[in-house]
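# Survey of secondary and tertiary structure
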Amino acid sequence: MLDFIISVGVQGLLYGILSMGVMISYRILDIPDLSVDGTFPLGVAVSAILIVNGVNPWIALLASLIAGLIAGSITGLLHVKLGISSLLSGILVMTGLYSINLMVAGSSNVPLFAHNTLFVTKNLSGLNLPDFVLKYYQIIVLFILTMIVKVIIDLLLKTRFGYLLKVTGDNEGLVTTLGHDVGTVKIFGLAIANGIVAFSGGIAASVGRTFDISLGTGMVVLGLSSVILGTTLFGKLKIKQTTMVILGSIVYRLIIAIALELNMNPQHLNLATVIIFVVAIVLNKSKVAKKIGMGEIL
């Protein structure tokens, strides 16, 4: 039972980071960014190939973040500078990244089982760490990384630029009135969102210890499901939106894990993801409708 909980926690925290990136593009900027399906495996590919070539996994993780920032900025540039719709810009970048990811990795599959990753504990033998730290090192490190990303996003959203991100999603005209360029805010916002997604991908390379070209399939739906589940289930709690998203990701992974425990065919996971997403939207709409109804009554 404990192993089951740890497994759910690891996956929930990993995809919680991805979901926070999706939150920035979809929830804050109000931009349907499909490039996430390309930037997540990009992060995996960059970390995987660098680790295979002997680069320190932490440096490889930083490289994944930078690669995601670049990919996200390209999505923003296509949308803002070339006037391509945000939806199509994301599709174009996602499609282009499929080939780029193959070029970066050199093949459609790169195993890392023979290489040091972020969670290899044999390098910690000289630190005299308690046994429970070594045993649960993976989830401890993942929790710390998730909290670091969460705190950075929370602090960012409290800055002047963070408020501009929020206003851009709500009212672009107001941003222009304040003397700021909406396009620049969008480019930087999409860069940050995809940088976080690729960062999650870089961690995933160490968690799964492999790169596969199909890893990006369904990441947008997964992230959105976590965002909607989190805000729907935990919206009444006085917690930050990033916390809701992380909890939503853990709930999402718990549902998937239970389905697998009930001997669900792994080939049907994408269908299960879609069902969870639809249910989350229905619950969210019902919640909104209920609030409106109560408002009219009051």
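Every value quoted in this text rests on a predicted model; they were computed, and no experiment measured them.

### Considering the nonpolar core
Formed by 67 residues in total, the largest nonpolar core has its most connected members in Leu18, Phe40, Leu142, Ile153, Ile203 and Phe211. Broken down by element, the residue count for this core peaks at 12 residues, all from helix 1 (residues 2-28). When sequence neighbours within four positions are dropped, the list of residues in contact with Leu142 reads Val10, Leu13, Leu14, Phe119, Ile203 and Val207. Counting residues in hydrophobic clusters, the runner-up holds seven residues, among them Val46, Ala71, Leu78 and Val93.

### A short note on the pattern of salt bridges
Side-chain pairing between opposite charges can occur once the charged atoms of the two side chains come close. Within the structure shown, the criterion is met by two salt bridges. Between Asp154 and Lys150 there is a salt bridge, and its shortest N-O distance comes to 2.8 Å. Within this pair, Asp154 and its partner Lys150 are both found in helix 6 (residues 137-157), separated by four residues, close to a single helical turn. Across this residue pair, the class does not change: Asp154 and Lys150 are buried.

### Overview of a nonpolar patch on the surface
Together, Leu62, Ile66, Leu69, Ile70 and Ile74 make up a nonpolar patch on the protein surface, roughly 420 Å² of accessible area in all. Within the element layout of this structure, Leu62 appears in helix 3 (residues 57-80).

### Notes on unusual backbone geometry
Unlike most non-glycine residues, Asp30 shows phi in positive territory, near 60°. Locating Asp30 in the fold gives a position in the loop between helix 1 and helix 2 (36-52). Note on Asp30: relative accessible area 56%, which makes it exposed. Residue Arg209 is not a glycine yet carries a positive backbone phi of 55°. By the secondary structure assignment, Arg209 is in the loop between helix 9 (182-208) and strand 2 (210-212).

### Focus on helix 4 (residues 86-105)
Spanning 20 residues, helix 4 covers 28 Å between terminal C-alpha atoms, matching the ideal 28 Å at 1.5 Å per step. At Tyr98, helix 4 shows its maximal bend, which comes to roughly 25°. Among all positions of helix 4, only Ser86, Ser89, Gly90, Val93, Leu97, Asn101 and Ala105 are buried. Buried residues along helix 4 sit against helix 2, helix 3, strand 1 (109-111) and strand 2.

### Points about the environment of Lys150
Judged by relative accessible area, Lys150 falls into the buried class, the value being 11%. Once the C-alpha coordinates of Lys150 and Thr242 are considered, the two residues, 92 residues apart in sequence, prove to be 6.1 Å apart. Sequence-distant contacts of Lys150, that is, excluding residues within four places in its chain, are made with Met20, Lys240, Thr242, Thr243 and Ile246.

### Let's talk about the packing of aromatic side chains
In the structure shown here, the tally under the stated rule is two aromatic pairs. Judged by centre distance (6.1 Å) and plane angle (35°), the ring pair of Tyr15 and Phe40 falls under tilted. Remark: Phe40 occurs in helix 2 and Tyr15 occurs in helix 1; sequence separation between them is 25 residues. Measuring from ring centre to ring centre gives 6.4 Å for Phe161 and Phe188, while their planes differ by 85°; the resulting arrangement is edge-to-face. Pair noted here: Phe161 is in helix 7 (residues 160-170) and Phe188 is in helix 9, with a separation of 27 residues, a long-range link.

Cut-offs and rules
- Residues numbered from 1 in each chain as written.
- Predicted model: local features only at pLDDT ≥ 70, side-chain atom pairs only at ≥ 80, totals over all residues.
- Heavy atoms only, no water.
- Core = buried A, V, L, I, M, F, W, Y, C linked by side-chain atoms within 4.5 Å.
- Buried < 20%, exposed > 50% of the residue type's maximum accessible area, 1.4 Å probe, protein only.
- Helix = DSSP H or I, 4+ residues; strand = E, 2+ residues; numbered from the N terminus.
- Contact = heavy atoms within 4.5 Å.
- Salt bridge = Lys/Arg side-chain N within 4 Å of Asp/Glu carboxyl O.
- Patch = residues over 30% accessible without salt bridge, like charges linked within 9 Å, V, L, I, M, F, W, Y side chains within 5 Å.
- Areas by Shrake-Rupley, 256 points an atom, 1.4 Å probe, with all protein chains shown as cover.
- Expected span 1.5 Å × (residues − 1).
- Bend = angle between axes of the 7 residues up to and from the residue.
- Phe/Tyr/Trp six-rings, centres within 6.5 Å; stacked < 30°, edge-to-face > 60°.

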